[in-house]
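The lines below spell out each chain.
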Amino acid sequence: MSQRVNELYHWLDVQAHRVPAVPRNLGVTALFLCAAYYASSILITHTGGENNSALVFVLAVALISLLTSGYAYGIAASIVGALFINIYFMEPYDAFSLSRTGYPVTMLSMVAVSCMVCALTARVKKQATEAVRREKRTKALYEQNEKLNAEKTAIQLQSDRISIRENILRAVSHDLRTPLTSISGAVSVLLSSPEVSPKNLAMLSDIKQDADSLIVMVENLLSVTRVQDGTMPLKKREEMLEEVAGDALLTTRRRFPDCCIELDLSEDILYLPMDTLLVKQVIVNLLENAIRHSGDTEHITLRLYRQEDWAVVEVRDRGRGLSAEVCQAVRTGQPMPRSLSGDSTRGMGIGLSVCQSIIKAHGGFFTAGNHPGGGAVFRFGLPAEPAGLPAEPHQRTEGFP
């Protein structure tokens, strides 16, 4: 039963609030004044001279104050109620008179009581509204806090996953490096032996090449995990970029003696702070990518030059070029596409990720694209000055001349 009453009250409240505020308040005031008038008319027939109409009108004023907004309607109702009592429910009936003893005091008391009731009712409504507002705000804050906690948990879980993955990669890389180095060394000894047949010599050469390739991949995995998690702090010192590039070129030529790599040096001396071992690894990775994946080992160029506040290193080949997927992955810094998993592109994604991580740690930029004359161009820049660098350096080298 109480549930039905609540539903009816809610429905009536919704229907009433569809009416504009002023007509609704006037209608409520008129309704309860009329109700008080008729109730007092009925009571006076039973009580006679003992008039209780003042209490009826005070009750009506209290209900009007509760159901209307502001003080005006309640005060107006109290004044109108006092006039009704004087005219219709006090002698002489049907006439306004202040001659009856005590009536002015009664009238003023009734108006004062009605005004107090209006004030108290308005305060109660204001407190109720404030309580509802606080409840909604508390609920919103609680929901926002729950959302933030959920996001924090998701971020922590993702961080834990990344940490576990990097720890596994680091452990596996350490375990693989020693046996691979032993295999490469043993094969080198066998290759220098005169007793090896030509057939076995070719097989041993393939084994050494694959072992050296795996060693490079392992070194790249170690470097990228250390740079990303901050366990490999940069050991910067002022060095000539030409010397680092020359050292990287010698290392590459020792691994690939049959390849032709041209070195194009700048007229300026590129002297800047860097971690020489890591920068050398970047150059070696780019040269090996050009040798292994371009399809052309005769026209590879290593070029060094200055561009504004940047010392730029460029590796270009005249091979098959890069796919749109690889260019997009390098541009956005995302991992290489899963489709690049064949032997022809083995290690390319890891090597490029290492290059991007190392150059980013130096505060530089890294780009990749295809040359209009054919082939791929990889370019990275290191800040030639320790401060005052542009915010978006990669936008200066979008084109490939």
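First, a word on scope: everything that follows refers to the structure included in this document. Here the structure is a predicted model, which means the values were calculated and not measured.

Take the packing of aromatic side chains next. For the structure shown, the criterion picks out 5 aromatic pairs. Ring geometry for tyrosine 37 and phenylalanine 84: centres 6.0 Å apart, planes at 75°, overall edge-to-face. Of this pair, tyrosine 37 sits in helix α2 (residues 21-47) while phenylalanine 84 sits in helix α4 (residues 72-88), and the two are 47 residues apart along the sequence. You can call phenylalanine 84 partly exposed: its relative accessible area is 26%. Taken together, a centroid distance of 6.2 Å and an interplanar angle of 85° make the contact between phenylalanine 57 and phenylalanine 84 edge-to-face. Of this pair, phenylalanine 57 sits in helix α3 (residues 53-67) while phenylalanine 84 is found in helix α4, placing the two residues 27 residues apart along the sequence. Through successive ring pairs, a cluster of aromatic residues spans Tyr37, Tyr38, Phe57 and Phe84.

On to unusual backbone geometry, then. Apart from glycine, the bulk of residues carry a negative phi angle, and the bulk of peptide bonds sit in the trans form. Even without a glycine there, the phi angle at glutamate 308 is positive, about 55°. Turning to its location among the elements, glutamate 308 is positioned in the loop between β4 (300-307) and β5 (310-316).

Bringing helix α9 (residues 324-332) into the picture now. For α9, every residue scored as buried is listed here: Val326, Cys327, Ala329 and Val330. For α9, the buried positions fall inside an angular range of 165° around the axis, keeping them on one side. In α9, those exposed residues whose orientation departs by more than 90 degrees from the buried face are Ala324 and Arg331.

Counted under the stated rule, the structure contains 8 salt bridges. The salt bridge partner of arginine 306 is aspartate 268, with a shortest N-O separation of 3.9 Å. On the criterion of sequence distance, the pair formed by arginine 306 in strand β4 and aspartate 268 in the loop between β2 (261-264) and β3 (271-274) is long-range, its members being 38 residues apart. Between arginine 379 and glutamate 314 there is a salt bridge, with the nearest N and O atoms lying 2.6 Å from each other. Taken together, the residues span a long stretch of sequence, with arginine 379 in strand β7 (residues 376-383) and glutamate 314 in strand β5 at a distance of 65 residues. With a relative accessible area of 1%, arginine 379 lands in the buried category. Through salt bridges with shared partners, one network takes in Glu130, Arg133 and Arg134.

Rules of the game
- Residues numbered from 1 in each chain as written.
- Predicted model: local features only at pLDDT ≥ 70, side-chain atom pairs only at ≥ 80, totals over all residues.
- Heavy atoms only, no water.
- Phe/Tyr/Trp six-rings, centres within 6.5 Å; stacked < 30°, edge-to-face > 60°.
- Helix = DSSP H or I, 4+ residues; strand = E, 2+ residues; numbered from the N terminus.
- Buried < 20%, exposed > 50% of the residue type's maximum accessible area, 1.4 Å probe, protein only.
- Arc of directions from axis to C-beta.
- Salt bridge = Lys/Arg side-chain N within 4 Å of Asp/Glu carboxyl O.

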